[in-house]
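# A structural walkthrough
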Amino acid sequence: MMKSLRRILCLGVLCLGMGSIASAVVADTVQLRDGHPDVYYVKKGDTLWDISARFLENPWQWPELWHDNPQIDNPHLIYPGDEIRLLWTDGEPRLTVRRDGNSRTELADGTVKLTPRARELDRDSAIPAIPMNAIQSYLKEALVVTRAEIKDAPYVVGGQDRRVVYGMGDTVYARDPDDQFENAPPRFGIYRVGEEYVDPETDEVLGYEARQIGLATITAHDEDMVTMKVVRSSEDVRVDDRLFPQPDRLVRAVLYPHAPAEKTTGHIIRFFDRINSVARNDVVVINKGERDGMEPGHVLDIFQQGELVRDRQRDEMVRLPRSRSGTLVLFRVYEKVSYGLIMESVRPIYMKDIVESPEGSY
């Protein structure tokens, strides 16, 4: 039988890429999953979300069941070999972690093999919060830019041998009227501007998708013209492709899923490599960003809009109630849009589906 606990507590949430702490008061029902284990040994390849989902109906509520442990200074930093145990204290469930000098491997017959290991652990070896292999290409190779940024960006004007397309190893020439290459890093991403992001409710243009198709290094600079060598390309480089500096977009285990502090409602406006619908581990774009209070790690529920049907008794059109179809976690946030990874899908997820703060989290 599902056990519930209603508590009000203050959580410390470590913001992504910052060392700052933001306080949030959360009042919600924490529900344990039916058939949850009493103990779990962390394995290489686990994610914090999947481990939490073994115990909780809502995996992002992990910190609410965390029991202070003087040996573990951060419940988000969990390592392979750690023992996660569910205990009950004064009728309330608590999650604790036990860490020692041994790495545990569960064998096929159910026995556990202990292997000595060093006790020194760094943050980079902690298990990630969400599957990083599903989002790394979007972190490193996708940009959302404004019309002004597109207009002002350096651009390819041609290359050697009078060809119209270029690839790895070729020399290309780019024009830089605004001297952005002055004192710039030697390596630039080559981007192709494509999808226009439009708000489905207001028709506001929220930005333009810029997809990285290659990398180039500067070999010569002559006034507003630069010579570049293409060092990597995933598809043909063409005239008018734009050039943007290469930022470090790596995200490690410090992406902590948590609910927005205030109610947020938006829509899915883009998904990739899919025609009709998306599901778990697919990436989507929503029409909410920094200006709407979004930040990396925010958890949003996904709802399928109810179908519009005709009431034949009254001869009028009515909309059926919406239904929950999944959960996503934001991992890259721009001013007006955000990229999110679908962590759970109980039915197909479609364009313009609703995204909303989890019920009771605000």
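An account of the accompanying structure is given in this report.

So, on to empty space enclosed by the protein. A complete count under the given rule lists one cavity of 30 Å³ or more for this structure. As a volume, the largest cavity reaches approximately 50 Å³. For the largest cavity, the full set of lining residues is Leu48, Trp49, Ser52, Pro59, Trp60, Trp62, Pro63, His76 and Pro257. In the lining of the largest cavity, the residues fall into seven nonpolar, two polar and no charged.

Attention now moves to the side chain of Lys288. Along the chain, Lys288 turns up in the loop between β18 (283-286) and β19 (299-304). Put simply, Lys288 is tucked away with no salt bridge, and the nearest opposite charge, on Asp292, sits 4.2 Å away. The contact partners of Lys288, leaving out residues within four places of it in the chain, are Thr264, Thr265, Gly266, Met294, Lys336, Val337 and Ser338.

Let us look at the environment of Trp49. Checked against the element boundaries, Trp49 lands in helix α1 (residues 48-55). Aside from chain neighbours lying at most four places away, what touches Trp49 is Pro59, Trp60, Ala129, Pro257, Val299, Thr327, Val329 and Met343.

Ranked by size, the top nonpolar core spans 52 residues in total, and within it Ile78, Ile84, Ile135, Tyr197, Phe331 and Tyr339 carry the most contacts. In contact with Ile78, other than residues within four places in its own chain, are Val42, Leu48, Trp62, Trp66, Ile84, Val97, Arg99, Ala126 and Ile127.

This part takes up the pattern of salt bridges. Taken as a whole and assessed by the stated rule, the structure comprises 17 salt bridges. Asp50 is the salt-bridge partner of Arg280, the closest N and O atoms lying 3.2 Å from each other. With Arg280 in the loop between β17 (265-271) and β18 and Asp50 in helix α1, this pair connects stretches of sequence that are 230 residues apart. Here Asp50 falls in the partly exposed class, since its relative accessible area comes to 31%. Note that Arg94 and Glu92 form a salt bridge whose closest N and O atoms lie 3.6 Å from each other. On the basis of relative accessible area, Glu92 is assigned to the partly exposed category, the value being 25%. Each member of the salt-bridge network shares a partner with another, and the members are Arg192, Arg211, Glu235 and Asp241.

Sheet strands pair by backbone hydrogen bonding; their relative direction is either parallel or antiparallel. Taken together, the six strands give a closed barrel; going around it, the order is β17-β18-β23-β22-β19-β24, and neighbouring strands pair in antiparallel fashion. Strand-to-strand twist in this sheet, taken as the mean axis angle between neighbours without regard to direction, amounts to 45°. As paired elements, β17 and β18 share three bridges and run antiparallel to each other. Each bridged residue has a counterpart across the sheet, and for Phe271 the counterpart in β18 is Val284.

Our focus in this paragraph is the sheet that holds strand β5 (residues 92-98). Taken together, the three strands give an open sheet; going across it, the order is β3-β4-β5, and neighbouring strands pair in antiparallel fashion. What marks the edges here is a single partner per strand, and that holds for β3 (39-41) and β5. Taking the axes of each pair of neighbouring strands and ignoring which way they run, one obtains an average angle of 25° across the sheet. Bridge count for β3 against strand β4 (residues 83-89) is three bridges, and the pairing is antiparallel. The residue of β4 that forms the bridge with Tyr41 is Glu83.

Our focus in this paragraph is the environment of Pro260. The topology assignment puts Pro260 in the loop between β16 (242-245) and β17. Placed 40 residues apart in sequence, Pro260 and Leu300 show a C-alpha to C-alpha distance of 8.1 Å.

Judged by side-chain charge, Glu149, Asp152, Asp178, Asp179 and Glu182 come together as a negatively charged surface patch. Residue placement: Asp152 occurs in helix α3 (residues 147-152).

Turning our attention to unusual backbone geometry. One non-glycine residue with positive phi stands out, namely Asp161, at about 65°. Within the secondary structure, Asp161 is located in the loop between β9 (155-159) and β10 (165-166). Asp161 gets classed as exposed once you look at its relative accessible area, which sits at 63%. Unusually for a residue other than glycine, Asp273 sits at a positive phi of about 60°. As for its position among the elements, Asp273 is in the loop between β17 and β18.

With respect to the secondary-structure elements, Ser338 resides in strand β23 (residues 338-345). At 2.7 Å, the side chain of Ser338 and the backbone oxygen of Lys288 are in polar contact. When residues no more than four places from it in sequence are discounted, the contact partners of Ser338 are Val284, Val285, Ile286, Lys288, Gly289, Met294, Leu330, Arg332 and Val333.

Reading the values: rules and limits
- Residues numbered from 1 in each chain as written.
- Predicted model: local features only at pLDDT ≥ 70, side-chain atom pairs only at ≥ 80, totals over all residues.
- Heavy atoms only, no water.
- 1 Å grid on protein atoms, 1.4 Å probe; cavity = no way out; pocket = protein on both sides within 12 Å on 5 of 7 lines; lining within 4 Å.
- Points joined across faces, edges and corners; volume = space filled by probe spheres on them.
- Nonpolar A, V, L, I, M, F, W, Y, C, P; charged D, E, K, R; others polar.
- Helix = DSSP H or I, 4+ residues; strand = E, 2+ residues; numbered from the N terminus.
- Buried < 20%, exposed > 50% of the residue type's maximum accessible area, 1.4 Å probe, protein only.
- Lys, Arg positive; Asp, Glu negative; His and termini not counted.
- Salt bridge = Lys/Arg side-chain N within 4 Å of Asp/Glu carboxyl O.
- Contact = heavy atoms within 4.5 Å.
- Core = buried A, V, L, I, M, F, W, Y, C linked by side-chain atoms within 4.5 Å.
- Pairing = 2+ DSSP bridges.
- Axes fitted to C-alpha atoms, helices over the stretch in contact; angles between N-to-C directions.
- Patch = residues over 30% accessible without salt bridge, like charges linked within 9 Å, V, L, I, M, F, W, Y side chains within 5 Å.
- Areas by Shrake-Rupley, 256 points an atom, 1.4 Å probe, with all protein chains shown as cover.
- Charge placed at Lys NZ, Arg CZ, Asp CG, Glu CD.
- Polar contact = N/O pair within 3.5 Å; in protein donor to acceptor, adjacent residues only side chain to side chain.

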